[in-house]
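A look at the structure
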Amino acid sequence: MTSRLKTLGEAGQAVWLDFVDRKFMDAGGLKKLVEEDGLTGVTSNPSIFEKAIGHSDAYDDQLQADLAAADTTVESAYEALAIKDIEDACDTLRPVYDRLDAKDGYVSIEVSPYLAMDTAPTIAAAKRLWATVDRPNLMVKIPGTDPGVPAIEEALTAGININVTLLFSIDAYKKVLEAYIAALEARVAKGEPIDRIASVASFFVSRIDGVIDKKIDALGTDEAKAVRGKVAIANAKLAYQHYLEVSASARWQALAEKGAQPQRLLWASTGTKDKAYSDVLYVETLIGRDTVNTMPPATMDAFRDHGETSNSLVSDIDDAEKVMNEAERLGLDLAGVTAQLVVDGVKSFADAADSLYGAVADKRIKFLGDKIDGFSADLPADLDAAVKDAIEKARKDGWSRKLWAGDASMWTGGDEGKWLGWLAAARGEQVDFDALAALGQEARKYKDVVLLGMGGSSLGPEVIGLILGSASGSPKLHALDSTDPGQVATVADAIDPANTLFIVSSKSGSTMEPELLRAYFFARCAQAVGEGQAGSRFVAVTDPGSKLEAAAKQDGFAHIFYGDKTIGGRYSVLSVFGMVPAAAIGIDVAGFFETVKTMAHSVGPDAPPASNPGFQLGAIMGAAAVAGRDKLTLVPSPTLKPFGSWLEQLLAESTGKQGKGIVPVDLEPLGDPADYGNDRVFVHLHLEGDEMSADHAKLDALKAVGQPIVTITLADKADIGQEFVRWEIATAVAGAVIGIDPFDQPDVEDAKIQTRQLIEAYEQSGHLDPETAFFEDGDFAFFAPKPVAGGDAVAILKAHFATAKPGDYAGFLAYIEREEKHEALIEQIRVDVRDAHKIATVAGFGPRFLHSTGQAYKGGPKDGIFLEITREPAQDIAIPGNRASFGTVQLAQARGDLDVLASRGQRVLRVHLKDEKSGLQALASALKVATQD
Ligand SMILES: O=P(O)(O)OC[C@H]1O[C@](O)(CO)[C@@H](O)[C@@H]1O
Ligand SMILES: O=C[C@H](O)[C@H](O)COP(=O)(O)O
């Protein structure tokens, strides 16, 4: 018996399948429909692929094989899967296309629904899909939105078959038909053929009734009920009347004579949603010549079973008009409804794409295995709920796309969009791999590399140097980001200036510390190798046009590597600022980016927040900070311990402002559950193979009492580059959740101004402004804007920290040499204070932290209790061309810092150690007593 579906074909209507699925096609389902039901086309949309790919394992083999061949973005991974189905469908329909001489036999694939409101990217996507599938019976689906119409016209003019989707109103359809005709005329004008250009205008039917019927039900009157289930069909019938009118026009006839094919009206959304209606309602009522009905499988089955064919589309046109008039009289607002349906249609396809891309992104990460760093989170229920809310808000607002598009509305709507050059840097696009490889070769003739820079210009390179180490035969890296005379001397004593490559690194090129360090080491180098020769051992890394660039040119530096002004210092590690020092110690930068790119792909605009490693972490950090868990406590495994110093700057400078933000807690030994309040998030950064079982037991104990624990796992330390990307994105996202601009650092600047004023005064007078200690004994002198009461050092220290309350943190700001013994004593001090007061502790060596965590201490939450530590330097170092020595500069920095901290409402106390050698030990002992009982 002939299939009832074939009778539609006999009535001039093409039967298309509104469904794609690999299992179905692999089982020969599509071929069967072609052979038995006269099927002549296929449509797909994001919802269809979401159902096919997102909920099945049929695509897993291909995805795994594709990823094994080459990693790629989520969108490309998805497209490869979808395109394979579309190509297979095109090939199945190809005999139909050939038999009907290009009049039918088409398969449609839709451009990304995220582009529905953007003309140029839609055109680019249409051209890309057309070229990739490379089959004449492909149709690219473009929404008939206002921005879609010019894209439709341009794509058609370029010879691409177009299925115009999401048409609801006759007015929108008229514009689309006009675009089709204009495109054909343009081709004729250029002498190009038009006979094999095909287009359909997909008019959505059932969705209109879905909304209008609700309004009818709300009215509840009999006259309203009389048009229930009739408006969508009437609307479609009148659209067809317009088609007939235009087809009869002389303008169209002229094109038809040249072989033009009509742009057929395609009835889409023809599955019946309201069970009260016939399951073939939107087929039986819309049958007419030169049209298409694309049906979901259930509708097709129903029609095959009991559908009746008649010439329905052109019958009862008067009735259709009456229905439309009645709809207007009843105030059903069809124009408003259809306009809203376009918006909702775009949104619902975008929602489907979120879910589809999310499913692909999750599988991609699963299949990548240990090629991508692992991530898991154990969160208490309240935080978990807040994180889910933040992720959903980010998804709804399209933040992953906004971020990459530089749309500042996800932050404060300020100039954030101008600071996103680090995204391209994460893809390896800021550096010249060949130039870096050449530098790496050249550097092999040196024994040491000394990097002079601050904050973003030193911390990333230092982390790379410490974690990855120099290649065999390449020099060792010394990052110097201090004015501490002891620290400067340690580096100066460790190297032979004649056998050292110096990298002076400063984005602004005017930061005081690298400027002074450059003066000092340039003079030492000139002394060692002779005037005029020193420059050949110096490399500058700086943004174009900086003062450092000019100085480097003047002094004949061997190379100048240029940064990107749209990247802030703390986001610069994957640009020349991190990669030049990395190359100098022999790291294969191109190889390094192979693993970095895997993370860059994972956090792209096409990875929805819930499946995006950067957003997952960022939402946790942001939601936690908003809920008062603002002390991000890093628990690294031994090899990864250096990572925190880079991370601290990123988090603190980016989020710590306007009294809000995240206070990073690095290098605080892990304690027991009783040592912590409810203000922490622990992030365990683990390198597989690193031994840290004691910490694991402690983390388990913390987990058991409901402390939030995030775990990030690296299979290989070479994958550390992925963490730069993850945390950069996460920080930008956390900034958005917290509601600040993550790319400025307003409060750091104030400390710099204070310091500069003190130094300028010194350069004039030869001394710093006098200051008076409020208490002094043999070991210590105490200074503070507001003296702390107490008869001795222990009492003063005790009183200072006695102000601690839950949620506060203690900060130890040490303007002394950063070396092992000092680090150990500071660690001991931190543990004593934490355990006594149950508060978080942070520590920084000055002036290094000024260009890093200093921002959050000044601009972030006002719950810091700071103890600044200065000392009498045993030995000072003069700076060529300056009256002030390094020791004086450092003291001025400490004083400027204290003043600004106090002016921001933080609790501050400065202890000046009289003896550099024994002073810190004496302080640790005094604090031990002060924190007992
Ligand atoms: O690279 P530059 O311009 O010398 O800046 C160094 C550091 O100083 C800061 O501006 C803070 O003082 C950081 O943001 C930056 O990384
Ligand atoms: O081209 C087909 C359309 O995308 C589809 O018919 C929409 O149908 P729906 O309204 O059932 O989602």
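Identification of the protein chain as Transaldolase from Sphingomonas abietis is taken from an unreviewed UniProt entry. Of the protein chain, the UniProt comment under Subcellular location (unreviewed entry) reads exactly: "Cytoplasm". Within the UniProt record for the protein chain, the comment given under Function (unreviewed entry) is "Transaldolase is important for the balance of metabolites in the pentose-phosphate pathway."

**Observations concerning the overall build of the protein chain**
Counting secondary structure elements, the protein chain contains 37 helices and 24 strands. Along the three orthogonal principal directions, the C-alpha set of the protein chain runs to about 105 × 65 × 50 Å. Long-range pairs, those at least 24 residues apart, make up 79% of the contacts in the protein chain between residues at least 6 apart in sequence.

**Points about the site of ligand 1**
Taken together, 15 residues sit near ligand 1, with Gly455, Gly456, Ser506, Thr511 and Gly569 positioned nearest. Taken together, the residues of the shell around ligand 1 break down into three nonpolar, nine polar and three charged.

**Quick word on helix 18 (residues 381-396)**
Given a rise of 1.5 Å per residue, 16 residues ought to cover 22 Å, and the 22 Å separating the end C-alpha atoms of helix 18 matches this to within 8%. Within helix 18 the residues assigned to the buried category are Ala386, Val387, Ala390, Ile391, Ala394 and Arg395. Looking at the buried side of helix 18, the elements it contacts are helix 17 (334-368), helix 19 (399-405), helix 28 (613-626) and helix 31 (720-738). Looking at the residues trailing helix 18, positive phi occurs at Gly398, about 65°.

**A look at the packing of helix 5 (residues 60-69) against helix 17**
At a minimum axis distance of 10 Å, the contact between helix 5 and helix 17 shows a crossing angle of 60°. The orientation of helix 5 with respect to helix 17, classified from their angle, is oblique. Here helix 5 and helix 17 pass one another in a crossing that is right-handed. Taking contact as the criterion, the partners of Asp60, Leu63, Gln64 and Leu67 in helix 5 are, on helix 17, Lys363, Arg364, Phe367 and Leu368.

**A word on the site of ligand 2**
As a matter of local geometry, ligand 2 sits amid 13 residues, with Asp18, Thr43, Asn45, Ala268 and Ser269 nearest to it. Those elements that provide at least two residues to the shell around ligand 2 are strand 6 (199-204) and helix 10 (206-219). When the residues that make up the shell around ligand 2 are grouped by side-chain class, the tally is two nonpolar, nine polar and two charged.

**Overview of helix 34 (residues 820-837)**
With 18 residues, helix 34 extends 26 Å from end C-alpha to end C-alpha; this agrees with the ideal 26 Å at 1.5 Å per step. Residues Leu825, Ile826, Ile829, Arg830, Val833, Arg834, Ala836 and His837 constitute the buried set of helix 34. With its buried residues spanning 170° around the axis, helix 34 presents them on a single face. Exposed residues pointing more than 90 degrees away from the buried face of helix 34 are listed as Glu820, Lys821 and Ala824. Buried residues along helix 34 sit against helix 33 (793-801), strand 21 (809-814), strand 22 (840-845) and helix 37 (919-930).

**Focus: the sheet that holds strand 22**
Strands sit in the order 19-20-24-23-21-22 across an open sheet of six strands; the sheet is mixed. Strands with a single pairing partner mark the edges of an open sheet, and in this sheet they are strand 19 (775-776) and strand 22. With six bridges connecting them, strand 21 and strand 22 associate as parallel partners. Its bridge partner lying in strand 22, Ala810 is registered against Thr841.

**Looking at the sheet that holds strand 16 (residues 663-665)**
Here five strands make up an open sheet; going across it, the order is 9-18-17-15-16 and the pairing mixed. Edge strands, defined here as strands with exactly one partner in the open sheet, are strand 9 (374-378) and strand 16. Strand-to-strand twist in this sheet, taken as the mean axis angle between neighbours without regard to direction, amounts to 20°. Both strand 17 (residues 680-687) and strand 18 (residues 709-714) contribute to a ladder of six bridges, which runs parallel. Note on strand 18: the bridge partner recorded for His686 is Thr713.

**Brief notes about the nonpolar core**
Formed by 303 residues in total, the largest nonpolar core has its most connected members in Ala126, Val140, Val176, Phe203, Ile503 and Val580. With 13 residues, the top contributor of residues to this core is helix 17. When near neighbours in sequence (up to four residues on either side) are disregarded, Ile503 contacts Val449, Leu451, Leu452, Val539, Val541, Val580, Pro581 and Ala584.

**Some remarks on the pairing of strand 23 (residues 864-871)**
Of all eight residues making up strand 23, eight are buried, and the element is well covered by its neighbours. On strand 23, burial covers both faces: Gly864, Phe866, Glu868 and Thr870 on one face and Ile865, Leu867, Ile869 and Arg871 on the other are all buried. Summarising the sheet, strand 21 and strand 23 pair through six bridges and their orientation is parallel. Within strand 23, the residue paired with Leu813 across the bridge is Glu868. Taken together, the seven bridges between strand 23 and strand 24 (residues 907-913) define a ladder with parallel strand orientation.

What counts as what
- Residues numbered from 1 in each chain as written.
- Chains lettered and ligands numbered in written order.
- Predicted model: local features only at pLDDT ≥ 70, side-chain atom pairs only at ≥ 80, totals over all residues.
- UniProt positions renumbered as here; feature names shortened; annotations may be inferred.
- Helix = DSSP H or I, 4+ residues; strand = E, 2+ residues; numbered from the N terminus.
- Contact = placed C-beta atoms within 7 Å.
- Near = placed C-beta within 6 Å.
- Nonpolar A, V, L, I, M, F, W, Y, C, P; charged D, E, K, R; others polar.
- Expected span 1.5 Å × (residues − 1).
- Buried ≥ 20, exposed ≤ 12 C-beta atoms within 10 Å, placed from the backbone.
- Axes fitted to C-alpha atoms, helices over the stretch in contact; angles between N-to-C directions.
- Parallel < 35°, antiparallel > 145°, perpendicular 65-115°, else oblique.
- Left-handed = near helix turned anticlockwise from the far one by under 90°.
- Arc of directions from axis to C-beta.
- Pairing = 2+ DSSP bridges.
- Core = buried A, V, L, I, M, F, W, Y, C linked by C-beta atoms within 7 Å.

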